[in-house]
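# Observations on the three-dimensional arrangement
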Amino acid sequence: MSRIVVFGAGGRAGVKVVAEAAGRGHEVTAVVRDPGRHPGLGGARVKVAAGDVTDAGGVAALAAGHDVAVQVAARLDMGSREFYTAATRALVDGLARAGVSRLVALGIGSLLEVSPGVRLIDTPGFPADARAFSLGHAAELELLAGSALDWVVIAPPPVFLDAEAARTGRYRFGDGRVPEAQEGDPAFSYADLAVALVDEAETPAHHRVQVAVSY
């Protein structure tokens, strides 16, 4: 059993990660900005805590005594680059202070490559607004690469994920390329994304790298 702190626990991915980790018997600290907005998040093995992932001191206090951190937070009320830069800097600083060396983060499929050296966001016609959001995640990757953390960024397919589908436990990791869709595959689900994230938190298999996950 591990102690896992989840930043962004109230989002679509975060709720699934908390449930997956707690269901496996891990002790989970579910960090949200406003606990009052997430009355159903607590439960056995889950402690809900107020916190801001962009605050290094808060990250250090919340992460103290934990074995691994999971970052699935996002903000739509501020610029993507501003948020992911601030959050990553706070995580690098705060987790070091807390003595937590392992970070599992949710990435974005648009930063995966479609051919050697060519990311999906660099292809002709890629939407400008989606590119701007993706570049926030790119800043996150740059900062993690320069840190001493044992990190992994897990990037789901560059499509809308299924928030309602039940957990199957089925997924596969790829590499830094956009995964090839198999005919008949459903949209990748948040529930199975949570399985992959918690597997990496529980038993690290990828280190200091961005990897694709898909069916």
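Below, the structure is looked at part by part.

Cut-offs and rules
- Residues numbered from 1 in each chain as written.
- Predicted model: local features only at pLDDT ≥ 70, side-chain atom pairs only at ≥ 80, totals over all residues.
- Heavy atoms only, no water.
- Buried < 20%, exposed > 50% of the residue type's maximum accessible area, 1.4 Å probe, protein only.
- Helix = DSSP H or I, 4+ residues; strand = E, 2+ residues; numbered from the N terminus.
- Pairing = 2+ DSSP bridges.
- Polar contact = N/O pair within 3.5 Å; in protein donor to acceptor, adjacent residues only side chain to side chain.
- Contact = heavy atoms within 4.5 Å.
- Phe/Tyr/Trp six-rings, centres within 6.5 Å; stacked < 30°, edge-to-face > 60°.

A word on the pairing of strand β8 (residues 150-155). For β8, a buried count of 5 out of 6 residues is recorded, marking the element as mostly surrounded by other parts of the structure. As paired elements, strand β5 (residues 102-106) and β8 share 5 bridges and run parallel to each other. Counterpart to A105 in the pairing with β8 is V153. One ladder, built from 4 bridges, connects β8 with strand β10 (residues 209-214); its direction is parallel. Bridged to I154 within β10 is V211.

With that settled, consider the side chain of R75. Within the secondary structure, R75 sits in the loop between β4 (68-71) and α3 (80-98). Here the side chain of R75 touches D77 through a polar contact of 2.7 Å, side chain to side chain. The contacts of R75, once residues within four sequence positions are left out, are R33, D52 and F83.

This next bit is on the packing of aromatic side chains. According to the stated counting rule, one finds 4 aromatic pairs in the structure shown. On the numbers, 5.1 Å between centres and 70° between planes, the contact of Y171 with F173 is edge-to-face. A ring pair is formed by F188 and Y215, whose centres lie 4.7 Å apart and whose planes are at 65°; its orientation type is edge-to-face. Here F188, found in the loop between β9 (172-173) and α5 (190-202), pairs with Y215, found in the segment after β10; they are 27 residues apart in sequence, far enough to count as distant. Note on accessibility: F188 and Y215 belong to one class, buried. Each member of the aromatic cluster is reached from another via a ring pair, and the members are F83, Y84 and F133.

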